[in-house]
Amino acid sequence: MTIQARFGPYGGRYVPETVIPALDELTAAYERLKDEAGFQAELQSLLKDFVGRPTPLYFAARLTEKLGGPRIYLKREDLCHTGAHKINNTVGQLLLAAEMGKKRIIAETGAGQHGVATATAAALFGIPCAIYMGVKDIARQELNVVRMKLLGAEVIPVSSGSQSLKDAMNDAIRDWVTNVENTYYVIGSVAGPAPYPALVRDFQSVIGCEARAQFMEAEGKLPSELIACVGGGSNAMGLFAAFLDDDVPMVGVEAAGEGLDSGKHGASIERGHRGVLHGSMSYVLQDAYGQILEAHSISAGLDYPGVGPEHSWLHDEGRVRYDSVTDAEALACFTMLSETEGIIPALESSHAIAWITKHAGDYGKDDAVIINLSGRGDKDVHQAARALGIME
């Protein structure tokens, strides 16, 4: 089959000519292996025995009672090996890299979960790995930096620009252009040049496929709504993909940061414009001259001035509703879910919890929703504690 390169006007390849052969090679390999029985058997075995799938679809009874709205189910991606959904994609891409004979792995990371997941999969396959990470993110995600180093990865600090995810991705792309023949670039979200947006979505679609079957077994019907946080958007596309042909509403929750009018946010769809970032066309935060603006979010994984091209298209088509919540709202729900359900969520996932908290009154008692709990909050405990005044 042909891998989708564009989603309406979005997607495509806006990259140096030297990278085109590598993208063609990746596309050909994925088209050849995607439905190949041996590749799929090995991938499913890894997802089951290494990643720990299927993850539970958990009925959050106390949260449901507290909010007094719909029945709330949490898709527990926080229970995956390494603590987030990112491992679904990195295991798939490392399997591809091994099949392609690549000898070196590079990646970028913001919150550190993709970096940890890439380092984990690289260690599993025995391939050397280098991770680019902004200096600001290294400071606020110290635990994940240690984990990457323990897994044998080289963590390369990026001090340019905003010193966060955008700049880490810039440097990773520069590395890839220089070392394209022997290096495989593991992109962590449904962003970047084709075929990455479709490829990453496919590897993450296991989330939605499981959730759909689990919800049907629990409720005997389709959910009233799906809710997931959106930075680049891989956890959301992973959940949404299995429901796109159904009459199921979906909400993608971006980072409003300190407020949409503050200039310090990561709401690329709500406040961005069509433009090119990191090899594809999508909604991006940019000024009147097309210069990329600095994003902001308390969650490093949502601190990104763009969004995946498929999300941009789903917004334009009206298939998915995109909204945002602030740092303060997400932080409050980081604490609230911890105290109510005994689950400490990632600050990224806390945005989705905050959205249902604000909108619970819009649902009836017969409604039931799925929230993608994309990661656990271990990595965010120190940052949250400082923000909450629990520690200095």
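Description of the structure in this document.

Thresholds applied
- Residues numbered from 1 in each chain as written.
- Predicted model: local features only at pLDDT ≥ 70, side-chain atom pairs only at ≥ 80, totals over all residues.
- Heavy atoms only, no water.
- Phe/Tyr/Trp six-rings, centres within 6.5 Å; stacked < 30°, edge-to-face > 60°.
- Helix = DSSP H or I, 4+ residues; strand = E, 2+ residues; numbered from the N terminus.
- Buried < 20%, exposed > 50% of the residue type's maximum accessible area, 1.4 Å probe, protein only.
- Core = buried A, V, L, I, M, F, W, Y, C linked by side-chain atoms within 4.5 Å.
- Contact = heavy atoms within 4.5 Å.
- Pairing = 2+ DSSP bridges.
- Axes fitted to C-alpha atoms, helices over the stretch in contact; angles between N-to-C directions.

**Some words on the packing of aromatic side chains**
As enumerated under the stated definition, the model contains 7 aromatic pairs in all. The interplanar angle of 75 degrees and the centroid separation of 6.2 Å between the aromatic rings of W176 and Y196 together place this pair among those described as edge-to-face. Placement of W176 in helix α8 (residues 165-178) and of Y196 in helix α9 (residues 196-204) is noted, with a sequence separation of 20 residues between them. In terms of burial, W176 and Y196 fall into one category: buried. Among the aromatic residues, those joined into a cluster by ring pairs are F59, Y73 and F215.

**Brief notes about the nonpolar core**
Counting residues in hydrophobic clusters, the biggest one holds 89 residues, and the most contacted among them are L96, M148, W176, Y184, Y185 and I370. Looking at this core element by element, the count peaks at 7 residues for helix α4 (residues 86-100). I370 has contacts with L57, Y73, K75, A211, F215, P223, E225, L226, I227, L239 and F243, leaving out every residue within four places of it along the chain. If you look at the next biggest cluster of nonpolar residues, it comprises 23 residues, including I72, L74, C333 and Y363.

**A closer look at the sheet that holds strand β6 (residues 129-134)**
Hydrogen bonds between backbone groups are what pair the strands of a sheet, and the pairing can be parallel or antiparallel. Within the open sheet, the 4 strands sit side by side as β7-β6-β5-β8. Their pairing is parallel. Unpaired on one side and paired on the other, β7 (154-158) and β8 (183-186) mark the two borders of the sheet. Geometrically, the sheet is characterised by an average inter-axis angle of 25 degrees between neighbouring strands, direction not taken into account. Two elements, strand β5 (residues 104-109) and β6, share 5 bridges in a ladder whose sense is parallel. Bridging from a neighbouring strand, I105 pairs with C129 of β6. Across the face of the sheet, α4 comes into contact with β5 and β8 while running at roughly 165 degrees to β8. The strands that α8 touches are β5, β6, β7 and β8; relative to β5, the one it contacts most, it runs at about 160 degrees.

**Overview of the pairing of strand β9 (residues 225-229)**
Within β9, 5 of the 5 residues are buried, leaving the element largely enclosed by the surrounding structure. Because side chains alternate across β9, one face comprises the buried residues E225, I227 and C229, and the other comprises L226 and A228, equally buried. Where β9 and strand β14 (residues 368-373) come together, 3 bridges link them in parallel fashion. Across the sheet, L226 pairs through a bridge with I370, a residue of β14. Pairing of β9 with strand β10 (residues 250-257) involves 4 bridges; the strand directions are parallel.

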